[in-house]
Amino acid sequence: MANTKPLKLINVAKRYKHITPVPRMPNFAAWIEGVDLTKPLSKEVQAELRQALFDFEVIFFKPQVITPKQHVALAKVFGPLSGGSYFNRHPTEPQLEVIVSDKDTPPQIDNWHTDISWKPNPPLGTAIQITQTPPAGGNTCWISTSKAYEWLSPGMQKYLEGLTAVHTWETSGFREALGRRGEEALIAAIKAFKPTEHPVVRVNPDSKRKCLFVNADFTRRILGVDRHEADGILQFLFNWMKKPEFMVHHQWEPHGIAIWDNRSTQHYAVADYWPHHRVNQRATFDVPGNKVDKRSVAKAVLKGGKIM
């Protein structure tokens, strides 16, 4: 057993009066009961939803059929909408990204990642609804990067806290996808979104938890150490974070909803259902008050076109 610290659970009954979080793991991942997302949410409910996100890092709702406008409104409960990533946009609500997988478009995001860590100020989180599910499979896994940090030895924690890593979209599948669009799109992306640096350990300002902030999809290297040491440390962390004690494995139902804190989680979309159909509708939101890059990635790079 790596972590011998006594576990202190969040007192749900004392903290929450307007919603009911039901934890799926100790202090991580919770179902939210008692909230109808098809109706306007009171200020009290909105405040407790934000608190639940900070407490449990990823929250889930049983299936509710919400409209694209309601989806956008739900994301805005947690923060102003982000410019998003390279994914295609909803035809009537361009602030929503739509990821369709089918026989012609196999799933391609089966990698552990933190969304858009390749920006200087990555988004706070994302609200998604899977509007169409395959007959079986198509699950999503989340890991708690705060738990992953907490379970490290004190010596490793101290070592990592002094390190900085480089993040870039160029190490991910986006480079290949943009390449298929032609040199113009790839060069535009390289010019528009250059590599950025983040501490290997960051503090989530809302939960006050220290979190590991490196991921296999977008972290290129660690600065200030020999590359062999850096590669070894990154591979150790990528493997360490996949411990089952840090992970929730979520099975979707049609119109199920999840919202996660991007600062203290990573996720992985399981790609075991091809050629069947799966539709993911998502809205990404920023930290309120942060100076962020509001440019639409799709417009800046694809000029309104589609990446796939």
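Since we're looking at a predicted model, the values are computed, not measured. Starting from 1, residues in each chain are numbered consecutively following that chain's sequence as written. Reporting in this predicted model follows two pLDDT cut-offs: at least 70 for local features of residues, and 80 or more for side-chain atom pairs to be given and counted; totals over whole chains, interfaces and linings ignore these cut-offs and use all residues. Values reported for side chains reflect all heavy atoms of the structure, with hydrogen atoms and water molecules removed beforehand.

### Brief notes about the overall build of the chain
Helix numbers and strand numbers start at the N terminus; a helix is a DSSP run of H or I with at least 4 residues, a strand a run of E with at least 2. Helix and strand counts for the chain stand at nine helices and 15 strands. Among the 308 residues that make up the chain, the fraction classed as buried is 53%. Here, two residues are considered to be in contact whenever any of their heavy atoms come within 4.5 Å of each other. When contacts within the chain are restricted to residue pairs at least 6 apart in sequence, long-range pairs at least 24 apart make up 83% of them. Where accessible areas are quoted, they stem from the Shrake-Rupley method and a 1.4 Å probe; at the residue level, only the protein chains shown are allowed to cover. Summed over all atoms, the accessible surface of the chain reaches about 14400 Å², with 54% contributed by carbon and sulfur. The classification of residues rests on relative accessible area computed with a 1.4 Å probe and restricted to protein chains. Under 20% of the type maximum is buried, over 50% is exposed, and intermediate values are partly exposed.

### Description of the nonpolar core
Counting 32 residues, the largest nonpolar core has I59, F61, F78 and I259 as its most contacted members. Contributions of two or more residues to this core are made by β2 (28-33), α2 (43-56), β3 (58-61), α3 (68-76), β13 (256-261) and β15 (278-285). Broken down by element, this core gets its largest block of residues, six residues, from α2. For our purposes a nonpolar core is just a set of buried Ala, Val, Leu, Ile, Met, Phe, Trp, Tyr and Cys residues, chained together by side-chain atoms within 4.5 Å.

### A few points about the environment of T131
Mapped onto the elements of the fold, T131 is located in strand β5 (residues 125-132). It is 7.7 Å that separates the C-alpha atoms of T131 and R278, two residues lying 147 residues apart in sequence. Not counting chain neighbours up to four residues away, the residues in contact with T131 comprise P254, H255, V279 and Q281.

### Section: α2
Between its first and last C-alpha, α2 extends 20 Å over 14 residues, near the 20 Å set by a 1.5 Å rise per residue. Taken together, the buried positions of α2 are occupied by V45, E48, L49, A52, L53, F54, D55 and F56. Looking at the buried side of α2, the elements it contacts are α1 (12-15), β1 (20-25), β2, β3, β13 and β15. E57 lies just past α2 and shows a positive phi near 75 degrees. One less than the number of residues in a helix, times 1.5 Å, gives the span that helix is expected to have.

### What about the packing of aromatic side chains?
In this analysis, rings of Phe, Tyr and Trp, with Trp reduced to its six-membered ring, are considered paired at centre separations within 6.5 Å, and the interplanar angle assigns stacked below 30 degrees, edge-to-face beyond 60, and tilted for intermediate values. Counted by the stated rule, this structure contains nine aromatic pairs. The ring of W240 is capped by K243, whose NZ or CZ atom sits 5.4 Å from the centre of that ring. Either the NZ atom of lysine or the CZ atom of arginine qualifies as a charge over a ring when it sits within 6 Å of the ring centre and within 35 degrees of the ring normal.

### A closer look at α3
Three or four residues apart is the spacing at which side chains of an α-helix point the same way, because the helix has 3.6 residues per turn. Those residues of α3 not exposed but buried are H71, V72, L74 and A75. Buried residues along α3 cover an arc of 160 degrees about the axis, so they all sit on one side. In this structure, the buried residues of α3 make contact with β5, β13 and β15. The arc in question is traced by the directions running from the helix axis to the C-beta atoms.

### Things to note about the sheet that holds β13
In short, DSSP must find at least two bridges between two strands for them to pair. Reading across from one edge, β1-β2-β3-β13-β5-β15-β4 is the order of the seven strands in this open sheet, with mixed pairing throughout. Each edge of the sheet is formed by a strand with only one pairing partner; in this case those strands are β1 and β4 (97-101). Averaged over neighbouring strand pairs, the angle between their axes works out to 25 degrees when direction is ignored. Of the pairings in the sheet, the one linking β5 to β15 comprises seven bridges and is antiparallel in character. Bridging from a neighbouring strand, Q129 pairs with Q281 of β15. Contacting β1, β2, β3, β13 and β15, α2 crosses the sheet at an angle of about 125 degrees to β3. Against the sheet, α3 contacts β5, β13 and β15, and its axis sits at roughly 40 degrees relative to β15. Axis angles are defined between N-to-C directions and span 0 to 180 degrees, where every axis is a line fitted to C-alpha atoms and, for a helix, only to the segment in contact.

### Section: unusual backbone geometry
Residue P275 is bonded to the preceding W274 through a cis peptide linkage, with omega at 10 degrees. Note that P275 resides in the loop between β14 (265-269) and β15. Backbone geometry places N27, a non-glycine residue, at a positive phi of 55 degrees. Relative to the helices and strands, N27 resides in the loop between β1 and β2. By relative accessible area, which is 16% here, N27 ends up buried. One non-glycine residue, A29, adopts positive backbone phi at about 65 degrees. Residue classification places A29 among the buried positions, given a relative accessible area of 0%.

### Some remarks on the side chain of S101
For S101, the location among the structural elements is in strand β4. Excluding residues within four positions of it along the chain, S101 makes contact with P107, Y273, H276, H277 and R278.

### Description of empty space enclosed by the protein
Grid points spaced at 1 Å over the protein atoms alone were grouped into cavities, where a 1.4 Å probe fits but cannot get out, and pockets, open sets with protein on both sides within 12 Å along at least five of seven lines, with lining residues defined by an atom within 4 Å of a point. Grid points are joined across faces, edges and corners, and a volume is the space filled by probe spheres set on the points. The final tally for this structure, using the stated rule, is one cavity of 30 Å³ or more. Its volume calculated, the largest cavity comes out at about 120 Å³. In terms of lining residues, the largest cavity is bounded by 16 residues, among which I99, S101, P107, Q108 and I109 are the most central. Contributions of two or more residues to the lining of the largest cavity are made by β4 and β15.

### Examining the pattern of salt bridges
Throughout this description, the term salt bridge denotes a Lys or Arg side-chain nitrogen within 4 Å of a carboxyl oxygen of Asp or Glu. Overall, the coordinates contain 12 salt bridges when judged by the stated rule. Here K39 ties to D36 by a salt bridge, and the two come within 3.9 Å at their closest N and O atoms. D36 sits in the partly exposed class, given a relative accessible area of 33%. Several salt bridges converge on common partners, so that one network encompasses R89, E97, D115 and R282.

The values are spatial; any link to function lies outside them.
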